[in-house]
Amino acid sequence: MGRTRARDAEHPMARLDHGGIATVVPSEFTSGFELIVDGTPQSHVDLADPTHLHFEYIVRMGAVIDQLPGGPLTAVHLGAGAMTIPRYVEATRPGSRQQVIELEAPLAALVREHLPLPKGASIRMRIGDARAGVGKLPGALTGACDLVVSDVYSGAQTPAHLTSAEFYRELSSLLGPAGVLLVNVADGPGLAFARRQVATIAHVLPEVALLADTQVLKGRRFGNLVIAASAAPLPTDWLPRMLAAGPHPAKIAQGAEVRAFAQDARIVTDADAVASPKPDASIFLR
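Residues numbered from 1 in each chain as written. Predicted model: local features only at pLDDT ≥ 70, side-chain atom pairs only at ≥ 80, totals over all residues. Heavy atoms only, no water.

### Describing the sheet that holds strand E2 (residues 21-26)
Consideration 1: Read across the open sheet, the 4 strands follow the order E1-E2-E3-E4; overall the sheet is antiparallel. Of all strands in the sheet, those with a lone pairing partner are strand E1 (13-15) and strand E4 (40-45), marking the two edges. Between one strand axis and the next, the sheet turns by 20 degrees as a mean value, whatever way the strands run.
Consideration 2: In terms of strand pairing, E1 meets E2 through 3 bridges, oriented antiparallel. Bridge pairing in E2 links Ala 14 to Ala 22. (Pairing = 2+ DSSP bridges. Helix = DSSP H or I, 4+ residues; strand = E, 2+ residues; numbered from the N terminus. Axes fitted to C-alpha atoms, helices over the stretch in contact; angles between N-to-C directions.)

### Considerations on the confidence of the model for the protein chain
Any segment with low pLDDT has predicted coordinates that should not be analysed in fine detail.
Consideration 1: Predicted confidence across the protein chain gives a mean pLDDT of 91, with 94% of residues reaching 70 or more.
Consideration 2: Every residue in residues 1-8 scores below 50 in pLDDT, and together they form 38 contacts with partners more than four places removed in sequence or on other chains.
Consideration 3: Considering only residues more than four positions removed or in separate chains, one finds that residues 282-286, a stretch of pLDDT under 50, has 17 contacts. (pLDDT = per-residue confidence, 0-100. Contact = heavy atoms within 4.5 Å.)

### Things to note about the packing of aromatic side chains
Consideration 1: In total, this model carries 1 aromatic pair according to the counting rule given.
Consideration 2: Both rings, one in Phe 167 and one in Tyr 168, keep their centres 5.3 Å apart while their planes meet at 50 degrees; by these two values the pair is tilted.
Consideration 3: A relative accessible area of 1% places Tyr 168 in the buried class.
Consideration 4: When the ring centre of Phe 261 is taken as reference, the NZ or CZ atom of Arg 195 above it lies at 4.5 Å. (Phe/Tyr/Trp six-rings, centres within 6.5 Å; stacked < 30°, edge-to-face > 60°. Buried < 20%, exposed > 50% of the residue type's maximum accessible area, 1.4 Å probe, protein only. Lys NZ or Arg CZ within 6 Å of the ring centre and 35° of its normal.)

### What to know about the environment of Ser 43
Consideration 1: Looking at the element boundaries, Ser 43 is found in strand E4.
Consideration 2: Among the residues examined, Ser 43 registers a relative accessible area of 6% and is labelled buried.
Consideration 3: For the pair Ser 43 and Ile 85, spaced 42 residues apart in sequence, the C-alpha to C-alpha distance is 9.6 Å.
Consideration 4: Once residues within four sequence positions are removed from consideration, Ser 43 is found in contact with Phe 33, Glu 34, Leu 35, Phe 55, Gly 81, Ala 82 and Thr 84.
Consideration 5: At 3.0 Å, the side chain of Ser 43 and the backbone nitrogen of Ala 82 are in polar contact. (Polar contact = N/O pair within 3.5 Å; in protein donor to acceptor, adjacent residues only side chain to side chain.)

### Structural notes on the nonpolar core
Consideration 1: By size, the foremost hydrophobic cluster in this structure holds 40 residues, and its most contacted members are Leu 78, Leu 181 and Leu 225.
Consideration 2: With 6 residues, the single largest contributor to this core is helix H6 (residues 192-204).
Consideration 3: Not counting the four nearest positions on each side in its chain, Leu 225 is found in contact with Val 183, Asn 184, Val 185, Asp 187, Leu 191, Ala 194, Leu 210, Leu 211, Ala 212, Val 216, Leu 217 and Phe 261.
Consideration 4: Listed in part, the 27 residues of the second largest apolar core include Phe 55, Val 149, Val 226 and Ala 250. (Core = buried A, V, L, I, M, F, W, Y, C linked by side-chain atoms within 4.5 Å.)

### Quick notes on the pattern of salt bridges
Consideration 1: Here the structure, examined in full by the defined rule, presents 7 salt bridges.
Consideration 2: Here Asp 213 makes a salt bridge to Arg 221, at a shortest N to O gap of 3.4 Å.
Consideration 3: The residue Asp 272 makes a salt bridge to Arg 266 at a minimum N-O spacing of 3.1 Å.
Consideration 4: Taking relative accessible area as the criterion, Asp 272 reaches 27% and is therefore assigned partly exposed. (Salt bridge = Lys/Arg side-chain N within 4 Å of Asp/Glu carboxyl O.)

### Considering unusual backbone geometry
Consideration 1: At Asp 38, a residue that is not glycine, the phi angle is positive and equals roughly 50 degrees.
Consideration 2: With respect to the helices and strands, the residue Asp 38 is situated in the loop between strand E3 (33-37) and E4.
Consideration 3: Unlike most non-glycine residues, Leu 191 shows phi in positive territory, near 55 degrees.
Consideration 4: Considering the arrangement of structural elements, one finds Leu 191 in the loop between strand E9 (175-187) and H6.

Take a look at the structure:
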């Protein structure tokens, strides 16, 4: 998520099923384009260089993906946006097999037309609710995925039904023995939502790491936290030094620090799940 801006009728746009507007605009800050949904930047894509990730939390996801064993990946992505991460995986791991689930058919059509995917890329787009879509994936993906990414937003919030232990169990069933789940969580001061998400994911997958800007991780400002989780030890040996170096300096919390972060936080269930907190519009100014 980036900066709020006014919609420009000269740019390609689509009316979404929920009534909002999606627009593709040239980036004001770098090369490439941004996908704007109801005034909130959702994705940045550089067609000339898909390895240019731009948004800070996406850079951190890319850093974790780079740690995975070499070669093509089998991946499932929930929440397509402009498909920044699938493009990154295709560019850095040619031959990868990827499935993407996106709720909004008009958004998917807009992206396909104006931000086309690389020719020959094995990226299958499925339209529908993320959780329902997981249950409709080919059975061959069960226990076979190297990577599952959950980055689903309705406006600026993650829907409640995509935050529970039951949901994360469904995602974990897709992972191979060393497969990694990446979840984008947005939260603000106090980090009550993020702490419950970490506790919930750790209840399902024993190995958990947390990547974020230091001020966000301390609960001093609203921002994105990336949760990485796996049934096997996470491949993070040289990740802390790389994250500290930039281009967007960040911290990785692991082990006892993660346990302390989630201490006393209640596990989220379908019965008590809530959407992520809605940020103030000023958070997107940059």
